[in-house]
Amino acid sequence: MPVTGLEPYDDQNVFAKILRGEIPNKTVYEDEHVLAFHDIAPQAPVHVLVIPKGAYVSARDFAARAPHAEIGGFWRAVGQVAAMLGLEADGYRLLANHGMNAGQEVPHFHVHIFGGGPLGPMISAKR
Ligand code: 5GP
C-alpha cells in the first residue's frame, strides 16, 4: 500500500519497531523527544534519519498534532545531530518525504539528513 501521509498511524511500521527495540539500529543520538540513526540504505556519504518518538504519520500529522515541546525538541535535535555528525562547516541537506508523489515509504514522520560530500541537484523529477 502506498503511503499517503494521511492514513491513521500504523504501529507495525518499521520505525515504530525500531523505537520499541524490536529491530536494531545504529543510533547516533537519542533524547526524550527523538531518535536519530543511520539509514539502512545510505544515499549519501552521511545519511541519518531523525524521528520523533511520538506516533505521527507524516510532516503534516506532526505539525498538526504534536505538542509544541515535541516540535521544538525535534527541530532542535535535527540541528544538534547535523552538528554532531560534523556536517555544519561544509553543509548538508534536510528532506522529508510526504505521501505518494514524494515516495514516502515509512509511515512514521522522519527527516533525512544528507551530507559528507557534494549532494548534487536538489531534485531530479521532470519539470
Ligand atoms: P522515506 O522514503 O519514507 O522518506 O524513507 C524511508 C527511509 O527509511 C529509507 O531511506 C530507507 O532506506 C530507510 N529504512 C527502511 N527500513 C529501515 C530499517 O529497518 N532501518 C533503517 N535504519 N532504515 C530503514
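Up top you'll find the structure we're talking about.
In what follows, the accompanying structure is described. Here the structure is a predicted model, which means the values were calculated and not measured.

1. Comments concerning the site of the ligand
Next, step 1: The full set close to the ligand counts 17 residues, and Asp-39, Asn-97, Glu-105, His-110 and His-112 are the nearest of them.
Next, step 2: Contact between the ligand and Glu-105: an oxygen atom at 2.7 Å from a main-chain N or O atom of the residue.
Next, step 3: Within the contact set of the ligand, an oxygen atom lies 2.8 Å away from a side-chain nitrogen or oxygen of His-110.
Next, step 4: Contact with the protein chains hides 87% of the accessible area of the ligand, taken as 530 Å² for the molecule alone.
Next, step 5: More than half of the atoms of the ligand fall within 2 Å of the grid points belonging to the largest pocket.
Next, step 6: Listed by contribution, the elements that provide at least two residues to the shell around the ligand are helix 1 (14-19), strand 2 (34-38) and strand 3 (46-52).
Next, step 7: The greatest single-element share of the shell around the ligand, amounting to three residues, is contributed by helix 1.

2. Re the packing of aromatic side chains
Next, step 1: According to the stated counting rule, one finds six aromatic pairs in the structure shown.
Next, step 2: When the centroid spacing of 5.3 Å and the interplanar angle of 75° are considered together, the rings of Tyr-56 and Phe-62 count as edge-to-face.
Next, step 3: Following the ring pairs from residue to residue traces out a cluster consisting of Tyr-56, Phe-62, Phe-74, Trp-75 and Phe-109.

3. Quick look at the pairing of strand 2
Looking along a regular strand, one sees the side chains alternate between the two faces of the sheet.
Next, step 1: In terms of residue burial, strand 2 counts as a mostly covered element, since four of its five residues are buried.
Next, step 2: Pairing analysis gives three bridges linking strand 1 (residues 27-30) to strand 2, with the strands arranged antiparallel. For Tyr-29, the partnering residue across the bridge sits in strand 2 and is Ala-36.
Next, step 3: Where strand 1 folds back on strand 2, the antiparallel hairpin that results is connected by three residues.

4. Focus: the nonpolar core
Next, step 1: Of all hydrophobic cores here, the largest spans 17 residues; its most connected members are Val-50 and Phe-74.
Next, step 2: Those elements giving two or more residues to this core turn out to be strand 2, strand 3, helix 3 (68-84) and strand 5 (111-115).
Next, step 3: It is helix 3 that provides the largest number of residues to this core, a total of four residues.
Next, step 4: Not counting chain neighbours up to four residues away, the residues in contact with Val-50 comprise Val-34, Leu-35, Ala-36, Phe-74, Val-78, Phe-109, His-110, Val-111 and Ile-113.

5. Thoughts on the pattern of salt bridges
Next, step 1: By the definition in use, this model includes three salt bridges.
Next, step 2: Where Arg-20 meets Glu-22, a salt bridge forms, and the shortest distance between an N and an O atom there is 2.7 Å.
Next, step 3: Given a relative accessible area of 39%, Arg-20 falls into the partly exposed group.
Next, step 4: With a relative accessible area of 48%, Glu-22 lands in the partly exposed category.
Next, step 5: Among the ionic pairs, Lys-53 bridges to Glu-30, the shortest N-O distance being 2.8 Å. Here Glu-30 lies in strand 1 and Lys-53 lies in the loop between strand 3 and helix 2 (59-65), a separation of 23 residues in the sequence.

Conventions we followed
Residues numbered from 1 in each chain as written. Predicted model: local features only at pLDDT ≥ 70, side-chain atom pairs only at ≥ 80, totals over all residues. Heavy atoms only, no water. Near = heavy atom within 4 Å. Polar contact = N/O pair within 3.5 Å; in protein donor to acceptor, adjacent residues only side chain to side chain. Areas by Shrake-Rupley, 256 points an atom, 1.4 Å probe, with all protein chains shown as cover. 1 Å grid on protein atoms, 1.4 Å probe; cavity = no way out; pocket = protein on both sides within 12 Å on 5 of 7 lines; lining within 4 Å. Sits in = over half its atoms within 2 Å of the grid points. Helix = DSSP H or I, 4+ residues; strand = E, 2+ residues; numbered from the N terminus. Phe/Tyr/Trp six-rings, centres within 6.5 Å; stacked < 30°, edge-to-face > 60°. Buried < 20%, exposed > 50% of the residue type's maximum accessible area, 1.4 Å probe, protein only. Pairing = 2+ DSSP bridges. Core = buried A, V, L, I, M, F, W, Y, C linked by side-chain atoms within 4.5 Å. Contact = heavy atoms within 4.5 Å. Salt bridge = Lys/Arg side-chain N within 4 Å of Asp/Glu carboxyl O.

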